[in-house]
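# Chain and residue survey
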Amino acid sequence: MGNLFCCVQVDQSTVAIKERFGRFEEVLQPGCHCMPWILGSQLAGHLTLRVQQLDVRCETKSKDNVFVNVVASVQYRALSEKANDAFYKLSDTKSQIQAYVFDVIRATVPRLNLDDAFEQKNDIAKAVEDELEKAMSAYGYEIVQTLIVDIEPDENVKRAMNEINAAARLRMAANEKAEAEKILQIKRAEGEAESKYLSGLGIARQRQAIVDGLRDSVLGFSGNVPGTTAKDVMDMVLVTQYFDTMKDIGAASKSSTVFIPHGPGSVRDVANQIREGLLPGSHN
């Protein structure tokens with residue numbers, strides 16, 4: 001119906017190519033345009049100005065001889081002011097872009113080791129984008145953005161890389177575990193040393209308290225009972241301790257049998273032996 005009334009409609013984000021007797025005449029912007037076909041005018045075609053995306057998968061080899069599949073995503077669009085070049089100069093835009101992507105990737109990745117290729121994805125994408133921008137601008141296209149969305153090594157290579165990574169993590173875990181055990185042993189030793197130190201202090205204080213108690217007892221008894229000497233008081237204390245010990249031995253149900261001479265004379269002998277053992281200078 002539009003052709004019947006010599007009118008055509010161009011949609012938004014689209015331009016149309018107008019020819020007259022087979023020769024390019026002008027680029028029609030979105031809207032309604034007069035197309036007098038009786039004067040040789042005709043619509044050659046439409047060209048979208050929307051951003052388009054092309055995913056390109058390229059197989060290549062890294063510097064360390066690992067075959068990888070590199071997936072590049074190219075976003076591009078036709079320029080309105082160069083719509084005639086974009087319409088007439090390229091018959092297959094996607095194939096042309098794909099060829100340039102192949103060329104750049106196969107020239108860049110073989111200079112990198114596999115690990116470096118993963119780390120320098122942005123550099124590879126930038127190289128592809130620069131080359132495409134240079135080449136496609138002559139054909140009326142703008143490269144909006146280029147991304148390296150994936151680098152896929154061979155399945156066996158990926159398995160080997162995962163095993164290497166797992167082994168490294170296991171080694172790291174073993175080192176951390178050994179370090180933790182070392183710290184535990186050090187802390188345990190420090191705790192035991194501190195415990196023994198405190199135990200020694202306790203024993204020393206206990207003995208000091210016993211000595212202080214004995215001294216106070218001797219002084220108190222000597223003061224309250226005239227005519228007694230320190231030796232008499234010590235003998236009495238030792239005899240008292242002797243009977244307390246005998247009482248404890250008898251009260252214990254699981255004690256071993258102990259044969260000790262018993263009697264008043266024996267008690268004195270025990271007291272003399274204890275006194276001479278603990279206070280070797282007292283008999284002088």
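None of these values were measured; they are calculated from a predicted model. (Residues numbered from 1 in each chain as written. Predicted model: local features only at pLDDT ≥ 70, side-chain atom pairs only at ≥ 80, totals over all residues. Heavy atoms only, no water.)

As a further point, take the overall build of the chain. In terms of regular secondary structure, the chain is built from seven helices and eight strands. For the chain, the residues scored as buried account for 25% of the 284 residues in total. Pairs at least 24 apart in sequence give 62% of the contacts found in the chain among residues at least 6 apart. With the model as given, the accessible surface of the chain reaches about 19200 Å², and the carbon-plus-sulfur share is 53%. (Helix = DSSP H or I, 4+ residues; strand = E, 2+ residues; numbered from the N terminus. Buried < 20%, exposed > 50% of the residue type's maximum accessible area, 1.4 Å probe, protein only. Contact = heavy atoms within 4.5 Å. Areas by Shrake-Rupley, 256 points an atom, 1.4 Å probe, with all protein chains shown as cover.)

Here we come to the sheet that holds strand β3 (residues 23-28). Taking strand neighbours across the sheet as the criterion, the three strands line up as β3-β2-β5 in an open arrangement whose pairing is antiparallel. A strand with exactly one partner marks an edge of an open sheet, and here the two such strands are β3 and β5 (41-48). Averaged over all neighbouring strand pairs, the angle between strand axes comes to 25°, with direction disregarded. Looking at chain direction, strand β2 (residues 14-20) and β5 are connected through seven bridges and run antiparallel. (Pairing = 2+ DSSP bridges. Axes fitted to C-alpha atoms, helices over the stretch in contact; angles between N-to-C directions.)

Right, let's talk about the environment of L54 for a bit. Considering the arrangement of structural elements, one finds L54 in strand β6 (residues 52-61). You can call L54 buried: its relative accessible area is 14%. Contact partners of L54, with chain neighbours within four places excluded, come to A72, S73, V74, Y76, K94, I97 and Q98.

Turning our attention to the sheet that holds strand β8 (residues 141-153). The strand order across the open sheet formed by three strands is β6-β7-β8, and the pairing between neighbours is antiparallel. Every other strand in the sheet has two partners, leaving β6 and β8 as the edge strands with one partner each. Averaged over all neighbouring strand pairs, the angle between strand axes comes to 20°, with direction disregarded. Sheet topology note: the strand β7 (residues 67-78)/β8 ladder contains eleven bridges and is antiparallel. Following the sheet pairing, N69 is matched in β8 by E152. Together, β6, β7 and β8 form the strand contacts of helix α2 (residues 93-108), whose direction differs from that of β6 by roughly 35°.

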